Structure formats: C-alpha cells, structure tokens
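Residue-level structural notes
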Amino acid sequence: QKEVEQDPGPLSVPEGAIVSLNCTYSNSAFQYFMWYRQYSRKGPELLMYTYSSGNKEDGRFTAQVDKSSKYISLFIRDSQPSDSATYLCAMSAKTGTSYGKLTFGQGTILTVHP
Amino acid sequence: NAGVTQTPKFRVLKTGQSMTLLCAQDMNHEYMYWYRQDPGMGLRLIHYSVGEGTTAKGEVPDGYNVSRLKKQNFLLGLESAAPSQTSVYFCASSPTHPTGGAGSPLHFGNGTRLTVT
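The sections below set out a description of the structure shown in this document. (Residues numbered from 1 in each chain as written. Chains lettered and ligands numbered in written order. Predicted model: local features only at pLDDT ≥ 70, side-chain atom pairs only at ≥ 80, totals over all residues. Heavy atoms only, no water.)

With that settled, the discussion passes to the state of the cysteines. All names here are of chain B. Considering all chains together, one arrives at 2 disulfides over all chains under this definition. C23 shares a disulfide with C91; S-S distance 1.9 Å. The sign of the S-S torsion, about -75 degrees, decides the handedness of the disulfide formed by C23 and C91: left-handed. One end of the pair, C23, is in strand β3 (residues 19-25); the other, C91, is in strand β9 (residues 87-94), and 68 residues separate them in sequence. The pair C23 / C91 is uniform in exposure class, with both members buried. (Disulfide = S-S within 2.5 Å. Helix = DSSP H or I, 4+ residues; strand = E, 2+ residues; numbered from the N terminus. Buried < 20%, exposed > 50% of the residue type's maximum accessible area, 1.4 Å probe, protein only.)

This is the structure:
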C-alpha cells in the first residue's frame, strides 16, 4: 500500500464548476501538506502549503487537512480552462529537529472545458 | 531569471549506455534534488543534496549516482542504462528544507525525458 493515495482521474469539468481533489495517507506523522500544480511538459510548482489540520484559502483555491481522517483536499472555485493541469499532493513529517522527505501522491489530471 | 535549468530535454539511450543529466540553478539554493516521474507512481526521490559537496540517497537510488561539486550544479549519472530507467527526470532546488518555516517551495526544472531501448 502506498503511503499517499491520490485518484489519478482524469477529471473533466465544465468551466465555472467547483472542483474537489483529494488525497489519503497512512503515515500519522505527516504534518506538512502541500499541493503542487503541473502543466503539461513542465515541472510542478507549489500551489498551497498547510501545516497540521485546518483550512487555508488563497483566491479561488482552498486547502483542507483532516488529520483525524488522514485526508486532505484541494477545492477550486469557479474553475477556469487555465486550471487544466495535473495536481499533486505532497506531505512530510518532522521527527525531532529532522525534516522528512516529501512523499508525493500520483497526481490527478484535471481538464476544465470552456 | 532562468531558475532551474535541465539539460538535455530529451534523450534516447540503448541498454548499457551511460549518460549524465545536468541541473543548474541560479537562485543560490542550498538544497537540490533529483526525482523521477512515472505514470501511476508520482514523483519519487532518487538522490538529494543539502549543500555543496554533499549527497544522500533518496527513495529509489539504485542505478544512479550524483555529484554536487559546485553549489549551483547537481549532476545525475546513469552508468549502465536499463529500460526500467525510462522516465521523466526532474531536478528541483529549495533554499531550505521544503517544510521549513512557512513553506519553502521546491523549484522544479522542466524535466528530461529519457527513453532506454
């Protein structure tokens, strides 16, 4: 079983829709959670960063972390064709003063149709 | 502002051949990483470096070697390529550990697409 599971999709939605992207994980030590966006033929870029549980909002994007359920989500409101990309979740733990490596999900391919 | 530059962008190798992938960053970042990305597997860490002259193994280091002789460069070597090493390779850098402080993003290059036949 992978430490981080992410539905690869593909997910296809009409412009203006609310998109929900999700990851589940098994390592209860994870406390740093990130979402990266990757356009076709490009490297990933950081979209959202969240520490521990709770919500974080940035414009049309909201990241949620539910540590009790080991579940994180990324919501995109008023989705645009320019949001079409692969979205990767990533997470990491900290043990004492040492930071662990980032563990990535498989990525979800999202297409937003005009 | 180049950021992270990877060369070459594409390469086809025959089994048993060797090659070196070059990564250069102009942001004076301490940390550098090599990942491979395969369908259904996400990004997997091959090797990383926490500063000039240092290297460490990641999740999938077998069949690869790395060197960081200069702070701005991180080289990934394949001594004897195998078809299982067909992948897209990404280099990344960050000023601190990616979970340090308020979140230190990894800055990725645009990848090297390698096919081993």
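Moving on to the packing of aromatic side chains. Tallied over the entire structure, the rule returns 11 aromatic pairs over all chains. Between Y25(A) and F33(A), the ring centres sit 5.4 Å apart and the planes meet at 45 degrees, which makes this aromatic pair tilted. Summarising the aromatic geometry, the rings of Y64(B) and Y89(B) are spaced 5.8 Å apart at their centres and angled 65 degrees between planes, so their arrangement reads as edge-to-face. Here Y64(B) is found in strand β7 (residues 64-67), whereas its partner Y89(B) is found in strand β9, with 25 residues between them in sequence. (Phe/Tyr/Trp six-rings, centres within 6.5 Å; stacked < 30°, edge-to-face > 60°.)

Time to look at the nonpolar core. Core analysis: the biggest nonpolar cluster contains 24 residues, and W35(A), I72(A), L74(A), Y87(A) and M91(A) have the highest contact counts within it. Contributions of two or more residues to this core are made by β3 (19-25), β4 (30-38), β5 (45-51), β7 (61-66), β8 (71-76), β9 (85-95) and β12 (108-113) of chain A. The biggest single contributor to this core is β9(A), with 5 residues. L21(B), C23(B), Y64(B) and L76(B) belong to the second largest nonpolar core, which has 18 residues in total. (Core = buried A, V, L, I, M, F, W, Y, C linked by side-chain atoms within 4.5 Å.)

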